[in-house]
Amino acid sequence: MPRPVHFEIHAENPQRAIDFYTKLFGWQFSQWGGESYWLVKTGEQGTPGIDGGLLPRRGPAPAEMAAVNAFVCTVDVADVDAMVQKVTTSGGTIALPKMAVPTVGWLAYGKDTEGNLFGMMQMDEKAG
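Quick summary incoming for the structure in this document.

Conventions and cut-offs
- Here the residue index of a chain counts from 1 through its sequence in written order.
- Only residues with pLDDT of at least 70 get local features here, since the model is predicted, and only at 80 or more are side-chain atom pairs given and counted; chain-wide, interface and lining totals rely on the full set of residues.
- Each side-chain value is derived from all of the structure's non-hydrogen atoms; neither hydrogens nor water enter the calculation.
- Every helix listed is a DSSP run of H or I at least four residues long, and every strand listed is a run of E at least two residues long, numbered separately from the N terminus.
- Taken over C-alpha atoms, the radius of gyration is set against a globule rule of 2.2 Å times the number of residues to the power 0.38.
- For every residue, the accessible area obtained with a 1.4 Å probe (protein chains only) is divided by the maximum for its type, and the residue is called buried under 20%, exposed over 50%, and partly exposed between those limits.
- For this analysis, residues touch if any pair of their heavy atoms sits within 4.5 Å.
- Using a 1.4 Å probe, accessible areas were evaluated by the Shrake-Rupley method; residue-level cover was limited to the displayed protein chains.
- Residues counted as positive are Lys and Arg, residues counted as negative are Asp and Glu, and His and the chain ends are not counted.
- A single reference atom marks each charge: NZ on Lys, CZ on Arg, CG on Asp, CD on Glu.
- A pair of strands is treated as paired once DSSP finds two or more bridges between them.
- Angular values range over 0 to 180 degrees, each being the angle between N-to-C directions of two axes fitted as lines to C-alpha atoms, with helices fitted over their stretch in contact.
- Residues belong to a common nonpolar core when they are buried Ala, Val, Leu, Ile, Met, Phe, Trp, Tyr or Cys residues joined through side-chain atoms within 4.5 Å.

## Comments concerning the overall build of the chain
- Each helix and strand in the chain was counted, giving two helices and eight strands.
- Rg of the C-alpha trace for the chain: 15 Å, near the compact-globule value of 14 Å for 128 residues, within the 12% margin.
- Each principal axis of the C-alpha distribution contributes one length, and for the chain these read about 50 × 35 × 30 Å.
- Residues counted as buried form 33% of the 128 residues belonging to the chain.
- The long-range share in the chain, meaning contacts at least 24 apart out of those at least 6 apart in sequence, stands at 52%.
- Counting every atom, the chain has about 8300 Å² of accessible surface; 56% of that belongs to carbon and sulfur.
- Side chains of the chain carry 10 positive and 14 negative charges; the gap between the two charge centres is 1 Å.

## What to know about the sheet that holds strand β5 (residues 74–76)
- In spatial order, the strands read β5-β8-β7-β6; together these four strands make up an open sheet with mixed pairing. With one partner strand each, in any of the chains shown, β5 and β6 (93–101) form the two edges of the open sheet. When the angles between neighbouring strand axes are averaged without regard to direction, this sheet yields 20°.
- With six bridges joining them, β6 and strand β7 (residues 105–111) adopt antiparallel strand pairing. Bridge assignment links A100 to a residue of β7, and that residue is W106.
- In this fold helix α1 (residues 14–25) packs onto β5, β7 and β8 (117–123), with an angle of close to 5° to the strand it touches most, β8.

## Overview of the pairing of β8
- Burial analysis of β8 places five of its seven residues in the buried class, which makes it a mostly covered element.
- Taken together, the seven bridges between β7 and β8 define a ladder with antiparallel strand orientation. Residue pairing for β8: G105 is matched across the bridge by M123.
- Linking β7 to β8, which pair antiparallel, is a turn of five residues; within it G115 sits at a positive phi near 90°.

## Side note on the sheet that holds strand β2 (residues 28–31)
- Here we have four strands laid out as an open sheet, ordered β1-β4-β3-β2, and mixed in their pairing. Edge positions in the open sheet fall to β1 (7–11) and β2, since each of these has one partner strand only. Each strand of the sheet is rotated relative to its neighbour by a mean of 25°, with strand direction disregarded.
- Pairing analysis gives four bridges linking β2 to strand β3 (residues 38–41), with the strands arranged antiparallel. Paired with Q31 across the two strands is W38, which belongs to β3.
- Packed on one face of the sheet, α1 meets β1, β2, β3 and β4 (52–56) and runs near 145° to β4.

## Focus on the nonpolar core
- Counting 23 residues, the largest nonpolar core has Y21, F25, W27, F29, L54, F118 and M120 as the members making the most contacts within it.
- Elements supplying a minimum of two residues to this core: β1, α1, β3, α2 (80–89) and β8.
- Looking at this core element by element, the count peaks at six residues for α1.
- With sequence-adjacent residues up to four places away left out, W27 is seen in contact with F7, I9, Y21, T22, V40, K41, T42 and V75.

Laid out in C-alpha cells, this is it:
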C-alpha cells in the first residue's frame, strides 16, 4: 500500500519558518541548488519518519479559524506538554490544546509562524 514519503511546508517567509522548525524540533534545512526550495531533514536515515521540503507560499495564507483543507503532518514527540510550551516560545501558537487519543497517546495541534497547522503526538497507550 502506498505511504507518504515526502512533505512540503509552504511559507510566506521561508527563513522565519526555518528558524521556527529548527528551534522547535531541531530539524535541519539545506537549500536545494540555487532554487527557492529547502530540503528538510527531520531525523537520521533508518529511523521512522520522512523528510520533506520548504518553499515560498504562492497563494493566500491559511485563513484563521478556517477548516483544514490539506494534510496535517503530525510529529512524534517525547513530551507533548514541553513541546506545547516550546511552540509558543518559538513564535507559534496552539490551535488545539493537548487531548487524549485513547489507546494511542496525547495530541496537540500547533500553528507555525506561517499559519500552517501541524500535530504533535506523544505515544502513550494508557492515554484516555
